[in-house]
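A closer look at the structure
What follows is each chain in one-letter form.
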Amino acid sequence: MTTQEKDKKYVANTYNRFPVEIVSGKGSIVADPAGKEYIDLTSGIGVTSFGVSDDIWQEAVKRQISQLQHMSNLYYTQPCVRLAELLCEKTGMSKVFFSNSGAEANECAIKVARKYAQDRKGAEYYNIVTLRNSFHGRTLTTLAATGQDVFHKLFNPLTPGFLNADANDIAGLEKILKENKCAGVIIECVQGEGGVIALDADYIRGVRELCDKYDCLMITDEVQCGNGRTGMLYGYMNFGIKPDVVSTAKGLAGGLPLGATLMDEKCADVLGNGDHGSTFGGNPVCCAAAISIIERIDDTLLTDVRKKSEFIFSELSGAKGVISVTGLGLMIGIKTEKDASEVLAKCIENGVLCLKAKDKVRLLPALNIPFDVLKKAVKIIKGCF
Ligand SMILES: *Cc1c(COP(=O)(O)O)cnc(C)c1O
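Residues numbered from 1 in each chain as written. Predicted model: local features only at pLDDT ≥ 70, side-chain atom pairs only at ≥ 80, totals over all residues. Heavy atoms only, no water.

Side note on the packing of aromatic side chains
Under the criterion given, the structure shown has two aromatic pairs. Here Phe311 and Phe371 contribute two aromatic rings whose centre-to-centre distance is 5.5 Å and whose plane-to-plane angle is 70 degrees, an arrangement assigned as edge-to-face. Highlighted residues: Phe311 in helix α10 (residues 299-316) and Phe371 in helix α12 (residues 371-384), separated in sequence by 60 residues. According to the relative accessible area criterion, Phe311 is buried, its value standing at 14%. For Phe371, a relative accessible area of 31% puts it in the partly exposed group. The residue whose ring lies beneath Arg296 is Phe50, and the NZ or CZ to ring-centre distance is 4.1 Å. (Phe/Tyr/Trp six-rings, centres within 6.5 Å; stacked < 30°, edge-to-face > 60°. Helix = DSSP H or I, 4+ residues; strand = E, 2+ residues; numbered from the N terminus. Buried < 20%, exposed > 50% of the residue type's maximum accessible area, 1.4 Å probe, protein only. Lys NZ or Arg CZ within 6 Å of the ring centre and 35° of its normal.)

Right, here's the structure in full:
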């Protein structure tokens, strides 16, 4: 049996995979078993921030794995402490909790908001407001947070205590905060799975003001739009505000599983001894990988991300077959006249891997994709529209 046939037989059928198997790669080029090469504009859904088999990342992982691959959180380890320090220095946040995925980073953020509200206002202030069309993960609680009914219906009852608001409707949000006992508000500054849509800057600033007014925690889910993706280290930095809690994962460790929940001064000590935990969270190898990623997301790289973004927007806006281009930085959604799935199949035929988000073609290339590779890929996908 081929890998594809065995996958159908033995792996739970939860993914509608493309008919391509990837065995190796370097940077933004990946290859199938026959050696056919593809330009990768997906980076494993925004995970391989510096592409696949990146030399510096590999070196960091190899060095740590030969020294210590795991120790329980009952002992101190240096990589997790250094990463927390680095994240706090670069964001001005105060403390970090490490987990293994985006959903878990959000679970922690939700726990922080509920405990913060319980400590200050009472246990009945447990509601968390999330946006319609958002995506926050696949655990039962983060599904409850996700404002898209399609994800809910098979798994009820979900965790109670989540209320939905419409994106960019600040009056609507205030009404919810006024009429309900709330602990926090979660937004994605750029909605990823919802169709690569940046929220209005005024709205994001309005959420900040309302969270202060109602003493709720403002949480930004930066699982997809964080770690340099939008042309700033974290998405919120594009909007001149600072959230109370930031959750991130995907691109953080460049291809190893790591989630992080960053907490600002106000809530840094809400979680105390025994209040939360994770066996693998803060794993030394994952943290060493993340240090090698976060250290390299500097002004030069971010300027480059913004330049590449401008190039993609200018090439695709108004191009033949393109209805609209949305997003921020190297997180881009393209509404095409043709069905997005049809466009993606055509791109694969022509040697380029892209993603979908709702009915759009979505691009999440590696942050360091070389300009000439990007130019070549854009030319090919334009031909597929
Ligand atoms: C992918 C994603 C998640 C879930 O992350 P997992 O690592 O799959 O649990 C949560 N929020 C956003 C915005 C995401 O894009």
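So, next bit.
Quick look at unusual backbone geometry
What you tend to see is this: most non-glycine residues have negative phi, and most peptide bonds are trans. A cis geometry characterises the amide bond from Asn156 onward to Pro157, with omega recorded as 0 degrees. Note on placement: Pro157 falls in the loop between α6 (140-145) and β6 (162-165). Its identity is not glycine, yet Asn168 carries a phi of approximately 65 degrees, on the positive side. With respect to the helices, strands and loops of the structure, Asn168 is situated in the loop between β6 and α7 (170-179). A residue is classified by how much of its surface remains accessible, and Asn168, at 33% relative accessible area, is partly exposed. Even without glycine at this site, Lys358 takes up a positive phi of about 50 degrees.

Here's the deal with the sheet that holds strand β17 (residues 360-363)
Within the open sheet, the four strands sit side by side as β13-β14-β17-β16. Their pairing is antiparallel. On the outer flanks of this sheet lie β13 (322-328) and β16 (355-357), each paired with one strand and no other. On average, each strand axis in the sheet is inclined to that of its neighbour by 30 degrees, with strand direction left out of account. Sitting on the sheet, α10 touches β13, β14 (331-336) and β17, and the angle it makes with β13 is about 165 degrees. (Pairing = 2+ DSSP bridges. Axes fitted to C-alpha atoms, helices over the stretch in contact; angles between N-to-C directions. Contact = heavy atoms within 4.5 Å.)

Description of the packing of α7 against helix α8 (residues 201-213)
Remark: α7 packs on α8, axes separated minimally by 10 Å, with the N-to-C direction vectors making an angle of 20 degrees. Taken together, the axes of α7 and α8 lie roughly parallel to each other. In this structure, α7 meets α8 at a crossing whose hand is right-handed. In this structure, α7 contributes Ile170, Leu173, Glu174 and Leu177 to the contact, and α8 contributes Tyr203, Gly206, Val207, Leu210 and Lys213. (Parallel < 35°, antiparallel > 145°, perpendicular 65-115°, else oblique. Left-handed = near helix turned anticlockwise from the far one by under 90°.)

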